[in-house]
Every structure is written in structure tokens, then in C-alpha cells.
4 protein chains.
Amino acid sequence: MNTIGKILALTTFGESHGSAMGGILDGMPAGVAVDLDELQRFVDRRRTGQSAGSSTRDERDRVEVLSGIWQGKTLGTPIGFVVRNTDARSTDYDEIARCYRPNHADFTWDAKYGLRDPRGGGRASARETVARVVAGGIAVQALQRLGITISASVDAQSCVTPPADGDTLGGIIECTVKGVPAGLGEPVFGKLHAQLAAAMMSIPSVHGFEYGDGFDMAGKRGSEVMDLFVKRPDGSIGTSTNHSGGIQGGISNGEDIVMRIAFKPVPTLMQPVPTLYREGNPVVLHPRGRHDACVLPRALPIVESMAAIVILDNYLIRKTNVL
Amino acid sequence: MNTIGKILALTTFGESHGSAMGGILDGMPAGVAVDLDELQRFVDRRRTGQSAGSSTRDERDRVEVLSGIWQGKTLGTPIGFVVRNTDARSTDYDEIARCYRPNHADFTWDAKYGLRDPRGGGRASARETVARVVAGGIAVQALQRLGITISASVDAQSCVTPPADGDTLGGIIECTVKGVPAGLGEPVFGKLHAQLAAAMMSIPSVHGFEYGDGFDMAGKRGSEVMDLFVKRPDGSIGTSTNHSGGIQGGISNGEDIVMRIAFKPVPTLMQPVPTLYREGNPVVLHPRGRHDACVLPRALPIVESMAAIVILDNYLIRKTNVL
Amino acid sequence: MNTIGKILALTTFGESHGSAMGGILDGMPAGVAVDLDELQRFVDRRRTGQSAGSSTRDERDRVEVLSGIWQGKTLGTPIGFVVRNTDARSTDYDEIARCYRPNHADFTWDAKYGLRDPRGGGRASARETVARVVAGGIAVQALQRLGITISASVDAQSCVTPPADGDTLGGIIECTVKGVPAGLGEPVFGKLHAQLAAAMMSIPSVHGFEYGDGFDMAGKRGSEVMDLFVKRPDGSIGTSTNHSGGIQGGISNGEDIVMRIAFKPVPTLMQPVPTLYREGNPVVLHPRGRHDACVLPRALPIVESMAAIVILDNYLIRKTNVL
Amino acid sequence: MNTIGKILALTTFGESHGSAMGGILDGMPAGVAVDLDELQRFVDRRRTGQSAGSSTRDERDRVEVLSGIWQGKTLGTPIGFVVRNTDARSTDYDEIARCYRPNHADFTWDAKYGLRDPRGGGRASARETVARVVAGGIAVQALQRLGITISASVDAQSCVTPPADGDTLGGIIECTVKGVPAGLGEPVFGKLHAQLAAAMMSIPSVHGFEYGDGFDMAGKRGSEVMDLFVKRPDGSIGTSTNHSGGIQGGISNGEDIVMRIAFKPVPTLMQPVPTLYREGNPVVLHPRGRHDACVLPRALPIVESMAAIVILDNYLIRKTNVL
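Source: prediction; values computed, not measured.

1. Some remarks on the packing of helix α3 (residues 129-145) of chain B against helix α5 (residues 296-318) of chain B
All names here are of chain B. Here α3 crosses α5 at 55 degrees, and the two axes come no closer than 7 Å. It follows that α3 is oblique to α5 by the angle criterion. Regarding α3 and α5, the two cross each other, and that crossing is left-handed. On the side of α3, the interface is formed by T129, R132, V133, A135, G136, G137, A139, V140, A142 and L143, while α5 contributes P301, I302, E304, S305, M306, A308, I309, I311 and L312. In the contact of α3 with α5, the residues fall into 13 nonpolar, 4 polar and 2 charged.

2. A few points about helix α3 (residues 129-145) of chain A
Residues and elements named next belong to chain A. Taking 1.5 Å as the rise per residue, α3 with 17 residues should run 24 Å; its terminal C-alpha atoms sit 25 Å apart, in good agreement. By the criterion of burial, α3 is predominantly enclosed, with 15 of the 17 residues buried. Downstream of α3 by a residue or two, G147 has a phi angle that is positive, lying close to 80 degrees.

3. As for the state of the cysteines
If you walk through the whole model with that rule in mind, you get 4 disulfides over all chains. The residue that forms a disulfide with B:C159 is B:C294, at a sulfur-sulfur distance of 1.6 Å. With B:C159 in the loop between β9 (149-154) and β10 (171-178) and B:C294 in the loop between β18 (282-285) and α5, this residue pair connects regions lying 135 residues apart in the sequence. The structure places no disulfide on C:C175, whose sulfur is separated from the nearest cysteine sulfur, that of C:C159, by 16 Å. Taking the relative accessible area as the measure of exposure, C:C175 reaches 0% and is therefore buried.

4. Things to note about the relation of the copies chain A and chain B
Overlaying chain A with chain B gives an RMSD of 0.0 Å, the required rotation being 180 degrees about an axis along which the chain moves by 0.0 Å. In symmetry terms, the pair is related by a two-fold rotation axis. Interface overlap between copies: 100% of the residues of chain A at the interface are likewise at the interface in chain B, consistent with a symmetric, same-surface contact.

5. Overview of the pattern of salt bridges
Taken as a whole and judged by the stated rule, the model has 72 salt bridges over all chains. Residue A:R132 pairs with A:E128 through a salt bridge whose shortest N-O separation is 2.4 Å. Between C:E95 and C:R98 there is a salt bridge; the shortest N-O distance is 3.9 Å. According to the relative accessible area criterion, C:E95 is partly exposed, its value standing at 27%. Classification of C:R98 by relative accessible area gives partly exposed; the value is 45%.

6. Some details on the sheet that holds strand β1 (residues 3-4) of chain D
Residues and elements named next belong to chain D. If you walk across this open sheet you meet the 5 strands as β1-β2-β3-β7-β4, and the pairing is antiparallel. The open sheet has two edge strands, β1 and β4 (63-65), and neither has a second partner. Pairing of β1 with strand β2 (residues 9-13) involves 2 bridges; the strand directions are antiparallel. The residue of β2 that forms the bridge with T3 is T11. Sheet strands touched by helix α3 (residues 129-145): β2, β3 (20-26), β4 and β7 (79-84). Its angle to β7, the strand with the most contacts, is close to 135 degrees.

7. Some words on the pairing of strand β16 (residues 257-263) of chain B
Residue and element names in this part refer to chain B. The buried fraction of β16 amounts to 5 of the 7 residues, a majority that puts the element mostly inside the structure. Inspection of the sheet shows β10 paired to β16 by 7 bridges, in the antiparallel sense. Its bridge partner being in β16, C175 is matched across the sheet by M259. Pairing of strand β11 (residues 206-211) with β16 involves 5 bridges; the strand directions are antiparallel. Across the sheet, the residue bridging to E210 is R260, located in β16.

8. Section: the interface of chain A and chain B
With 100 residues of chain A at the interface, the matching set in chain B holds 100 residues. Contact between chain A and chain B buries roughly 7800 Å² in total, counting both sides, with carbon and sulfur atoms accounting for 66%. Counting across the chain A and chain B interface gives 2 salt bridges. For B:K112, the salt bridge goes to A:E186, with nearest N and O atoms at 3.0 Å. The residue inventory of the side of chain A that touches chain B, partitioned by class, reads 49 nonpolar, 31 polar and 20 charged. Two elements, strand β11 (residues 206-211) of chain A and β11(B), share 3 bridges in a ladder whose sense is antiparallel.

9. Topic: the interface of chain D and chain C
Taken together, the contact between chain D and chain C spans 100 residues of the former and 100 residues of the latter. Where chain D abuts chain C, roughly 7800 Å² becomes buried across the two surfaces, and 66% of that area is made up of carbon and sulfur atoms. In this structure, the connection of chain D to chain C is made through 2 salt bridges. Across the chain D-chain C interface, the total number found is 31 residue pairs in polar contact (both at pLDDT 80 or more).

Cut-off values and rules
- Residues numbered from 1 in each chain as written.
- Chains lettered and ligands numbered in written order.
- Predicted model: local features only at pLDDT ≥ 70, side-chain atom pairs only at ≥ 80, totals over all residues.
- Heavy atoms only, no water.
- Axes fitted to C-alpha atoms, helices over the stretch in contact; angles between N-to-C directions.
- Helix = DSSP H or I, 4+ residues; strand = E, 2+ residues; numbered from the N terminus.
- Parallel < 35°, antiparallel > 145°, perpendicular 65-115°, else oblique.
- Left-handed = near helix turned anticlockwise from the far one by under 90°.
- Contact = heavy atoms within 4.5 Å.
- Nonpolar A, V, L, I, M, F, W, Y, C, P; charged D, E, K, R; others polar.
- Expected span 1.5 Å × (residues − 1).
- Buried < 20%, exposed > 50% of the residue type's maximum accessible area, 1.4 Å probe, protein only.
- Disulfide = S-S within 2.5 Å.
- Least-squares fit on C-alpha atoms with pLDDT ≥ 70 in both.
- Salt bridge = Lys/Arg side-chain N within 4 Å of Asp/Glu carboxyl O.
- Pairing = 2+ DSSP bridges.
- Buried area = accessible area lost by both parts, 1.4 Å probe.
- Polar contact = N/O pair within 3.5 Å; in protein donor to acceptor, adjacent residues only side chain to side chain.

As C-alpha cells, this is what we get:
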């Protein structure tokens, strides 16, 4: 339920205003050098206060690795880690416990579990993603040793106009993975892009995923999107264009893997919002917490982390394709 | 690898021109009435020859259920089934074995496995999906007994212009699931829309997935896409709009689940196509097989099947949320 | 539920008197030569009529491989297969549908599923194991190519005295795996012997499992069971004794893997047996079917199959231990 | 790899002399009352210093629950927890890093991973089990609310004679689970006893598992071990004897589940032991750490924990057997 990956498997835990967020990254190969300072810097990219539109809460996300790495190298054992929750002002959330915020998960969690931790959104908070970034940062370092690099960026037209009157913005993140060898991905249900889609769609607020030419493909003729094969100077075979986004038949073809992820606007407005109490009576909600107006800059390392976990997992699985 | 689902798990097998396609649907609850004639009609919707742009191969996909259903009811045991491959003209594919068709999986399968069955595309053929439709048709019947219905349709602007000169078309399929109770889906990695995305992206030729307002969300303000809560006449709580597409925080909220799936144009053109032999030498390929110009009408039951499998699986998992 | 294995995963289906038994062996590496005649001979070892105490039903278990093997080699795709059920005399089982046979699964299946297929015991029949042997036979051939061999034998004191008056016997099977390299197995929950135990205990009628000195270990001093290390002529490190049964800390150490599996006596006596109808009224059951008095000779290829599947799966997983 | 369970899934981490042991218990139903003081007392049963033959290291295993429980109840979210490692004297283990202790996992871990954390045995230490007991203690409390109780005890003939000269003892633990409703367990690969066997065999030092009459079954006639059905005063159906140990056909039948687990003697002797350096040169090892002479009393809560996790997982899975 709270696990992603088959051989490289990340399981996470944590409520926004509980003691700590954390996780276990299992299946990391042994003997991989991990630089913990570099890992901390990767996680810091996700922090608040990094850009104009983001929340002022100082989360101080100090990563504490509890196992699985010794003398700078992975042991092959599960990597347990925690990030303590600090500076959480739970008193802000007293009223939220009694009503349902629109476009949040309050109502659906009650429907599913019958109860919820309302403090800071509990586990439905995007704070949950800090554990993904810790694990992702480790996977990123392992991939670098294989010559595989991942880079996400905010689409040029996203998050540019500052929202007025406490309103919020959505946007699109583009992510490119370079250096992936041909042959990764499982060709039926586990297509590489299907796994990437699931990983990206699991990030809070994501409403759409496409790879290669994506939705534009739907309006094109077959002859317009044909990636013709070419022989490279080194004798290898590649394609002259990349409409396919680096994946054909669910398996990587050695070209750059390119994908785009659509985020809905932040659901918490700094405006009065009409809604209902749990019992169905109306109420106007005056949000008082600290929230981002546009989450996309903070989401970049999250997107890169999810990509890294999927790619590394498939890199390992591919080793089992031959005896 | 060839399995999808956690409690309700479908595993499939089969190469396009091998003996048979088939699968095992495990985890179906016991005592569910299954009408095998209705199932055959559901599978027939996927057959060739159903619309103007589709292939003339008569696949005669007769479903043979081998286990798990007795006296018209499920036993709780795995449902094994096969669909024989008939009328396959493997001689058409001799040259294909030696070269890589653009936008197909020939190159990537070779890269992954070192060998492949070239006859009819082997397991990379969309014929693979017949097993999904058999299992999906069973899941659809079970969901109907729960008041949950699924309906997919081709977007109005897709596949309308007939392609000329052997070219092909892509398009968009919309799928709506009605009657899903609130509370389905796992809120972190197993978000309901993440599972649906993975399922849909695993269908051959799919390049994009969105739910609710999807990619349009990216250009909107938070105030524009707010689904305000309303109290229904029966006392239940719903939303007045459905920008969220029936899922909030990864969990169904009781509204219609709405999603859109983008298909690339069929990769096999009825035109000469320049490409390379496995060794890198150039060749012009003159396709002689039988192929669809637009697959969307045939893909409708496939989309419905994947939705049914995901929804029913999550319906079952939800039963474990309370002691 | 009906699946075993992580990378190499076998899923089976089939009721004793349904159309067919079968399964899907997924995750087999590509390019492995499989001799189908040799496979049929392996499966034939499990047939009835092979020894004095066994049933006279001629099962004619002809293996039909439907996918995944082409031109004598595995494709890396799932291997689907069926074995048709023939010569089943379902009329023998009319009364059994209404009552619970002692030491059978009739009562517990009703308790779990609310209904069952009573013909020949349905899926609770040991006929289910034919699918294991098909998959196991393929795994055995792959292991042979790696120099790993598996051999099971009936313990010298088992099944020797012929049972009188329609009574039945249990016994012990010993199984040895030679040539397993050091390093297979997952050291915590997935200990190699834990996986082997689960696999063997899943065979019908098995009531106990031990490896190495097993239960005898419980009465020994530490100094008595110490496997001291020795340097082999080729420079490698081995042990001078093998109390540990080839596994230490859950991981293979390169010595022979040795285990013993205890089978209960066949539960179907050829004697009148008092029992209850489903409603609780008493009845004396006069069995008329065809059953073995001692199943151990037929169980040998089943034990070897389960061992082969576990060992090969762990062989593949081990490849992922390094980057 | 480091996960056990399907719906209720425990993943653990931690090296003996690393920062902490810990785990994530995922899939616990929501709204279950958990008494953390009672949980601490359960974990304390596993501590050292509890009986004459046990180690003098004061482990002070204080359980810190980090998520998933709020206001005394489970949230349905993953329960993250840690137990800090204190009082570890890593200097004791300098020589161990360079050689292979007999009957330990030093050699096999090197063979598998190419490196290991030698301090206190790293993750191969039985200290790993503290995480199992934390999770198990929570499962035990949930089962109690369902009327299911688990009790393990040391076999009367085990661990009674105090070992002389630094030698060690093995023994047998018996475990009984009362109150399990009929219908739990998956009848083919996931037989309830197969799952219990895997869980118990995953405990360090375990070499054998049996349930019901176990290995004794092998020497009996079918007529001797027949559990005849009887109608209880309340109208329900039970059995007059329990040779089957509460499980028939892999599914619980409502009788007590009874099993026996064989432990090998503690492998660390307080005697000089001849062995080899990693390079193959001989050395005599003089152990200086702190170790138990007989682990069985400390293993009781571990056995109960593994039983609790398996039983509760299957209790939840059974809910999915009907629509």
C-alpha cells in the first residue's frame, strides 16, 4: 500500500504533524558509494522558502540514515531513515478536523478509514513526499555511477504569473532521463512508461502524465511521428527523432526518456472558502496555515526521485532477463 | 511482470502467432454469477472487422474458460482461460524477423531479451490484449452486481477523417466509471488514479493519461477548479462540480470517475518505410500484413477492462481497511 | 494467492474434474533451451500407476505448452501451459458434495468460500500439483544448464509396509540440491530455507519440514553441530561437515542443500468412515473413488519441482545484489 | 526482501550496532485501539537478562512509534517505529571482521554482498528480531480484540540442563493459537501452515517446523490420525481430535492451531574455536562478546509475533473472499 518498486522497493510512513516522516529503501545493491552531504543537499531542494511563492514554514528536513549505509557504502541491507517533524503549529488545524476542505482529501479519508489525523493534513499532506526525496536522492547517486542522469524543470509557461488575492496556480513539469540503456521495462503490464506514470501520478496534485509526444500524438498521422532508425558512428542503432520519448513497446530504446507531468493548482486558497461540516451543515473556512501558491519548484526533486526509483528498479530487474 | 492487481490479480500469456493467448484471473470472490454468453459478447467487441478502418483478419476469439467457474458461479479459485490463435499467416513476417520496424518493439525486445518471436509481433502484438478483455469482462459483470458501470467512448474528434495513402490515425478515448462508492484507492503510492494510469498506459500505443480536468488543470487558478461540497437530498455529501474526476487525495469520492487516454497513430503504415536490418544495413520495408488504420473502436473494451480490474481490486482491498 | 515466486513466478489454476489444469511460469530468462520431450518424461514421473500402492486412474497428463517457448528456446515471455483432465468419473462424488470427509478440505473450503466444486475434490485435489511439475520441470532444465541438480528420494523407512484393510501410509521425503553457489537467499524474512519450507509445506499432505540436522539440532550442544571451515584444494572455502544443510544465516554456503519433508498418511481410506452431513447429521461414508495408499513415490517430482522453482528464483534475484 | 505479509505487511531495517532497528507495519486496519505501555511490556519479554542463560547486555529496547497511531488508535496509515541501539561495544568485533565464525552468516554474507558490517553481526544478528516483536505486539493486540490469542512456550525437555564449558543449547518451542475462525489461509501456495512455516523458519537459528502431529504423522496409518467431525452443543461442527493442528487443506478449521519450532544451539560458543581468515589462513577465535547460551526463553515473543502477523494478515485477506 505504501510501497513502490519490485526489487528496489521504497516503503514510507509519517503524518505531517506526527513525530517524523521516514521510510525504508530495500533492495539497494551492495557496495554503492553514497555521499550523505550530497543527499542532504538533494533533499534541501524540496524545502520551503526556496522561491517566492512558497510557504514560510522552516521545515529543516535533516535526514537521519539509521541503517544500510556504513563507511560510505551501501551494505545491501534495507536503508532505514527518518526526518523529524519540527515547527508544526497544530493549533491551526482545530476547525479543519470538523469540516471538509474542498479539493482536499479530508472527505475521502473519512470515507475510507472512518477517522483521520487532521493536524496538517496528516498523511495526506504533501509533506509525505520528503521520504520519497530521501530515497530518490540515494537512487539518483546510484544511477550517476551508471551514467544515467535525471533532470526536471518547470514548463516555461507554468507558475509565471503571480496569483492575486490568495489564489493559487498549477503547471507542468518536464522530466528527462539521459543515459538509460536500451532494454529496460516490462513489455506488458509493467511497461516502463506505465511504471513512470504510476510513480508520477502518485505525487500529490498530479492530474496528467504523458511521454514523448504524448497527447499531441492523438492528433497526428502515423507518418508524422515515425522515429526512423539510424546507424550511429559507433555502430550502434538509434533513432533520428524521438516522438516516442525514449520508450517503444514499453521498453527503453536508448534515447532520452522524456515525460510531462500536469499539476493541479494548490487546493488551499488564502481566501474564505464555503464548505460543509462533517454533519453536512455549511461553514465558511478561513485558512490560517502556511501554504505554497505554486508547488512546482519544490516538486522538481520529487519528480526526479520518482523517476530515479523506477529507472533503477528496472535496471536491476533487467539483470534477470538472462540466465 | 505479466501480472496486474494485488488481491484481484490478472496474469496473461501468449504470442500473436503461438498456440493461444490466455490468462489466469486470481482473487475473484466466490459465488459471483458469471454469464459466459455475455462474456463472449464483451470479448467480441474487440474483434477485427467491426468498423471501417479495422483489419480484415477474422480472429474468431472464442473464450474457453478452463477453471474457476462452475454451474454459473465463481468458485473463489483462479479462473484459467484460453483463446486459440487461428488464421495466422506467419509467412508474412519472414523479413520482419531480420529488421527493425520503426515505432514498433522489434528493436527494444532484441535489446532486452536477445531474441524474439517475429511472427505477428510475438507478444508485442496488440493481440495480447484479448486476455485482458476476457478477464475484464468477468470483472465488469461482478461490478454490475455492485451497481458500478463502466463506459468508454472515442473522443468526437478522433478517428473521424479517413487516412489516405496507407497512413494511420491516433486519438483519444474517454472513460467514465459510475457508481463507485467513496473510499476506494490507497492514498500514497497506490492512489486510485495512479493505478488507473498504470493500467491504461499498459495498453499498447497509449502515450498519455489524465483524469478530471487533467492537463487543463495546469493552466487554471485554484479558485476555478474548486469542487464545492453540497449536501444531497438523501443526506449524503457530494460535490457540485467534478473537476477532480471523482478522485481526491487518491481516493474515490463517490462522483463519476472520468479519465482520458491518448493513443498514438497505428505504427504499421501501408506504405514503404525505410529502416535498418539488425546489422545496421538499410532496407525499405513493404508491409504486407493486415493491420488497423485506427485502433480506437477496438480499444474501447480494453479500456473498460483495465478500469474494471483496477476498480474491483480496490473494492476488495477496501474491505481490509477495518478490523 | 495461487502464485509462488518473486522474479520467477508460477501461477496455477484448475479443478480436478474441470476442463484442464494449467499455469503460467513468468520470469524465465530468455534464450534457455527447453527439451519438451524431457519435460513430458519429468511430468510422467508424477502419473498414477507407477507403483504398487498408487491409484489406477490413467491420467494421461499430456503437457501442452501454449506460449513462451519457440524453436526450442524460452522467449523471456510467460510460459502458458495446460494439461487436460480426462477419464474423470464425477458420478463417484455425488454424496461427497453433501458431507465432509475427515482430514480433507471439504469443511474448510465451505467455511472459506461458501461453496465448492466437489467433483474429485475440486481444486483441493492433489491433482493440482500437475501444474507445479510442468513448471518445475522447466526450472530443473534451466538449473541443469547452471550445474545445479536436484534429487528427491523416499526415506528408507517410509511406505515399506503395505497397508492392510484399505488403510493408508505417510512418510518422509529427503531432497538434496547439489551445485548451488554460495550467496543465494534473502537473509531476513526471505531466508532460503524459509522459502523452501513454504514451498514444501504448500504440497498437499505435508506436515513438517526440516533442513540440515533439523529437529535433531534441538537436542544437541553447539559444539556438536559446528561446521568448521576448511580450505579446499582449489583455494575455495567450504565446511568439513554439513549439519547446517547448505544454508547459513538464510543464505546458501555452497554445500549440498539437504532437507526432509514429512507427509501425513493419505486421508482417503478404502474403509467405511463415520462423518457428518453439512447440516450436522451423521453418515457413514463408503469411498468409491480411486486413491493412492501412499503418495510418496508420486510426490518425488513435486518436491523436486518446488525446490527447483525456489532455487532458480533466488539465483535470478541474486543478480540484483550488485549494481 | 525484508518484507513479510500481503495486506498486513511488515518491513524491517537495522544493523546490530548501527543507529537503530526499526520497521514499518503497513496495512493495519484503522480505528484499532493500541496500548503503547502494553506494547512496551511485550517487547520487554524479548530483552536480555531475563533468565539465567541469557546475555548480560542491557539493550533497553525502548519502542518509539513515529506514525500511524494517534490518540490511542490506529489511523490506517503505516506504523513507523524505531528502537535505538545503545550499549553496543563495537571494539569487541575487530577480529571478526577479518575471519569467518563457524555456523554464523559471516561467510555467506560476504559471498552474497561482497561486504558486510561486522559489528555485532550487523543485520545477521538476532537483534534484528526486535523490530518483529514491536510489530507483532501490535498485531497481538488487534487479534485480542477479535478473541484470538497466541501463546508460545519452551518444550519441557529444552534448555533444562545448564551447558558447561561455554557450550550452548538448542531446543523446541511450541506455539498455540486459539480462537481462529474457520476459513483462514489460501489453499494452494499460500496454505496457512506454509505461511506459518515461512514465518517461523525466518527466525534466526530455526531448523525445523511442524504443525499438528507433524513428523510423527509420517509413521502413522491414516486411520490413526483421522480427526472425526462432531456436532457441538451450539450446533457448530468441530473435530473430536486435533491431529491436523487446526488446519486442513491449508485452511483453518476452527480448532486450536498447534505448531512446533526447532532451534539449533546458539552458534557462538564461549570457547576457543578454530576457523579461517577470509583469505583462507587458519586462526583460533576467542569470542569476547556477550551472548546467550540458550535463546529459547527470549524467542517466545518472537514466535508469538510471527504467528500474530501471519494470522492477522490472513484474517484481513479472508474478507476479500466474498463480494
